[in-house]
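# Residue-level structural notes
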Amino acid sequence: QVQLVESGGGLVQAGGSLRLSCSASGRAISRYYMGWFRQAPGKEREFVAAITWSGRSTFTADSVKGRLTISRDNAKNAVYLQMNSLKPEDAAVYYCAGRLYAGSTVLTGTRDYDYWGQGTQVTVSS
């Protein structure tokens, strides 16, 4: 079993930056495909970004491309989401997710992932 815990959320002004962290425990996630999703009130959970186990390939939703960047540090058993130029529409609960998968196919569905964190709130003021 893998336990994922997100941190780094908070309140930021529009145009500001945040760095979310996802710390894993229970197992090493070095062979896990990892992703970030977000869910705003009244909306479905949506894909934000994903990264292959090696970190060589990343995928980002068009809505956040150029502003949000996913990365990982397998030595620290952690995944990150750097969020720049934040907009009010980026406000949501952000979730980290993982799956034991060594391929490179982009996984963007919530059902593609087996492990989830509890989420961290990001609020963007205009």
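This write-up is about the structure you can find in this document. (Residues numbered from 1 in each chain as written. Predicted model: local features only at pLDDT ≥ 70, side-chain atom pairs only at ≥ 80, totals over all residues. Heavy atoms only, no water.)

The next point concerns the environment of Ser23. Structurally, Ser23 can be placed in strand β3 (residues 18-25). Of the residues examined, Ser23 reaches a relative accessible area of 39% and is grouped as partly exposed. In sequence terms Ser23 and Asp62 are 39 residues apart; their C-alpha atoms lie 26 Å from each other. With near-sequence residues (within four places) excluded, Ser23 lies in contact with Gln3, Leu4, Val5 and Asn77. (Helix = DSSP H or I, 4+ residues; strand = E, 2+ residues; numbered from the N terminus. Buried < 20%, exposed > 50% of the residue type's maximum accessible area, 1.4 Å probe, protein only. Contact = heavy atoms within 4.5 Å.)

Alternating positions in strand β11 (residues 120-125) separate cleanly, Thr120, Val122 and Val124 being buried on one face and Gln121, Thr123 and Ser125 remaining unburied on the opposite face. Here strand β2 (residues 10-13) pairs with β11 via four bridges, running parallel. Across the sheet, the residue bridging to Val12 is Val124, located in β11. When strand β9 (residues 92-100) meets β11, the two strands line up antiparallel, connected through three bridges. Bridge pairing in β11 links Ala92 to Val122. (Pairing = 2+ DSSP bridges.)

Attention now goes to the packing of aromatic side chains. Applying the stated criterion to the full structure yields seven aromatic pairs. Ring plane angle 75° and centroid distance 5.8 Å describe the contact between Phe37 and Phe47, whose orientation is recorded as edge-to-face. Of this pair, Phe37 sits in strand β4 (residues 32-39) while Phe47 sits in strand β5 (residues 46-51), and the two are 10 residues apart along the sequence. Considered together, Phe37 and Phe47 belong to a single accessibility category, that of buried residues. It is Arg19 that lies over the ring of Tyr80; its NZ or CZ is 4.0 Å from the centre. Its guanidinium or amino end placed over the ring of Tyr101, Arg99 lies 5.2 Å from that ring's centre, counting from NZ or CZ. (Phe/Tyr/Trp six-rings, centres within 6.5 Å; stacked < 30°, edge-to-face > 60°. Lys NZ or Arg CZ within 6 Å of the ring centre and 35° of its normal.)

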